[in-house]
Amino acid sequence: MDGDSHTIEPPFTTCETYDEYDAEWWEGDVVAWAVDKIDQTGATETSAYPVGDFAPEPAWLSGRREDPYEGDNKVTETSVRLTGDWSPQQRTDVFRAVSSI
C-alpha cells in the first residue's frame, strides 16, 4: 500500500505568567512582553475578525508551523489565549500587533 502517514502527538499546554523579572526586562510593558512570547509560537490568526476596538476575553490566536527539516510531515498547531487580568484594550493591542491587522 502506498500513501502518507502522520503521527499525532498528544496536546500539551503551557502557561506563561508575567512577573517582576519580565516587568524589568520589558520595562513594564506587558503588551510588548505578550507580543514577544506569542511571536515565538507562530500564532497570528485571530478568532475574532475584525478585531474591532476591544477583543473579547474568549477570543484567541492560532497558527500552524511546519518543521524546517521535515516539512509538512511534522506540523505544530498552536492556539493562544490571553486570560487573567488583561483589559480588553490590552488584548486588542496584542492581537493587532501579532496579526498585523
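Numbering of residues starts from 1 in each chain and follows the order in which that chain's sequence is written. For a predicted model such as this one, the threshold for reporting local features is a pLDDT of at least 70, and the threshold for listing and counting side-chain atom pairs is 80 or more; totals across whole chains, interfaces and linings nevertheless cover every residue. Hydrogens and water are ignored here; the side-chain numbers use all heavy atoms of the structure.

Peer 1: I'm lost on the packing of aromatic side chains in this one. Help?
Peer 2: Both the distance between ring centres and the angle between the ring planes are used here to describe each pair of aromatic rings. We call Phe, Tyr and Trp rings a pair once their centres come within 6.5 Å, taking the six-membered ring for Trp, and we label the pair stacked below 30 degrees between planes, edge-to-face above 60, and tilted otherwise. All told, the structure shown has one aromatic pair when counted by the stated rule. Here Tyr18 and Trp33 contribute two aromatic rings whose centre-to-centre distance is 5.3 Å and whose plane-to-plane angle is 65 degrees, an arrangement assigned as edge-to-face. Here Trp33 lies in helix α2 (residues 30–39) and Tyr18 lies in the segment before α1 (20–25), a separation of 15 residues in the sequence. The class for Trp33 is buried, based on a relative accessible area of 4%. Strands here are runs of E lasting at least two residues and helices are runs of H or I lasting at least four, both read from the DSSP assignment and numbered beginning at the N terminus. Burial classes: relative accessible area under 20% of the type maximum marks a residue as buried, over 50% as exposed, and values in between as partly exposed (1.4 Å probe, protein chains only).

Peer 1: Please clarify how the pairing of strand β3 (residues 71–80) should be interpreted in this entry.
Peer 2: For two strands to pair, DSSP has to find at least two bridges joining them. Judged from the seven bridges that link them, strand β2 (residues 61–67) and β3 form a sheet pairing that is antiparallel. Each residue of the ladder has a partner; that of Ser62, found in β3, is Ser79. The antiparallel hairpin formed by β2 and β3 contains three residues in its connecting segment.

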